[in-house]
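Structural overview
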Amino acid sequence: MKLDVTEQTATIELAPCLDIFVAEELLALFVEADEKSLDLNINGKDVEKASTACLQIIHSAAVSCVEADRSFQINDSSDVLVTAFKDLGLYSNDTLRS
């Protein structure tokens, strides 16, 4: 995964495999962005597998941004990522864009 920061926005390129083994790294990226009060722009186009743990971390980051009046958006969502969020009842057209 990759984190790029420009001005007030952190852009995170999600790994193709969002499993338990990358959950800690994903959480650390979101915590870093949160500590700097950055808007979040997530690129999910390459996601081929998404575990519940990683989806919960992404959802938590979204909630944190919304509560702090910061922007949160997932762009270029893969079909796998959209389906995973739908399966957990966390899908929103306002957040996930394919």
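Reading the values: rules and limits
Position numbers for residues start from 1 in each chain and track the written sequence from start to end. The predicted origin of the model limits local features to residues at a pLDDT of at least 70 and limits the giving and counting of side-chain atom pairs to 80 or more, whereas totals for whole chains, interfaces and linings rest on all residues. The basis for every side-chain value is the complete set of heavy atoms in the structure, and neither hydrogens nor water enter the calculation. Only DSSP runs of H or I reaching four residues or more are called helices, and only runs of E reaching two or more are called strands; each is numbered from the N terminus. In this description the radius of gyration comes from C-alpha coordinates, and the expected globular size is given by 2.2 Å times residues to the power 0.38. Any residue under 20% of the maximum accessible area for its type is buried, any over 50% is exposed, and the rest in between are partly exposed; the area is computed with a 1.4 Å probe on protein chains only. By definition, residues are in contact when any of their heavy atoms lie within 4.5 Å. As used in this record, nonpolar core signifies buried Ala, Val, Leu, Ile, Met, Phe, Trp, Tyr and Cys residues forming a set joined through side-chain atoms within 4.5 Å. Paired strands, as defined in this entry, are two strands with at least two bridges between them according to DSSP. Lines fitted to C-alpha atoms define the axes, with helix axes restricted to the stretch in contact, and inter-axis angles between N-to-C directions lie between 0 and 180 degrees. Working definition: the arc comes from the directions between the helix axis and the C-beta atoms, pointing outward to the latter. Helix span is expected to be 1.5 Å times the residue number reduced by one.

**A closer look at the overall build of the chain**
Check the secondary structure of the chain and you find three helices and six strands. Counting helices and strands in the order they occur from the N terminus, the chain gives β-β-β-α-β-β-α-β-α. In terms of overall dimensions, the chain is globule-like: its C-alpha atoms have a radius of gyration of 12 Å, near the 13 Å expected for 98 residues. Expressed as lengths along the three principal axes of its C-alpha atoms, the size of the chain is roughly 30 × 25 × 20 Å. Taking all 98 residues of the chain together, the buried fraction comes to 37%. For the chain, the proportion of contacts with a sequence separation of at least 24, taken over those separated by at least 6, is 69%.

**Focus on the nonpolar core**
Ranked by internal contacts, the top residues of the largest apolar core, which has 27 residues, are L14, L18, F30, L40, I58 and F72. Those elements that provide at least two residues to this core are β2 (9-13), α1 (20-35), β4 (39-43), α2 (52-67), β6 (72-75) and α3 (79-87). Considering every element that reaches this core, the biggest residue donor is α2, with seven residues.

**Looking at the side chain of S51**
Counting through the fold element by element, S51 comes out in the loop between β5 (49-50) and α2. In contact with S51, other than residues within four places in its own chain, are L18, D19 and I20.

**A look at the sheet that holds β6**
Judged by pairing direction, the sheet is mixed, and its four strands sit side by side in the order β1-β2-β4-β6 without closing on themselves. Single-partner strands in this sheet number two, and they are β1 (2-6) and β6. Mean inter-strand twist for the sheet, computed between neighbouring axes without regard to direction, equals 20°. Sheet topology note: the β1/β2 ladder contains five bridges and is antiparallel. Its bridge partner lying in β2, V5 is registered against A10.

**So, α3**
Listed in full, the buried residues belonging to α3 are L81, V82, A84 and F85. Each buried residue of α3 sits inside an arc of 160° when the element is viewed along its axis, so together they form one side. Along α3, the residues that are exposed and aim more than 90 degrees away from the buried face are D79 and D87. As for α3, its buried residues are in contact with β3 (17-18), β5, α2 and β6. One or two steps after α3, the chain reaches G89, where phi turns positive at roughly 75°.

**Examining α2**
For α2, built from 16 residues, the straight-helix expectation of 22 Å at 1.5 Å per residue is met to within 8% by its first-to-last C-alpha distance of 22 Å. Looking at the buried side of α2, the elements it contacts are β3, α1, β4, β5, β6 and α3. D69, located one to two residues past α2, shows a positive phi value of around 55°.

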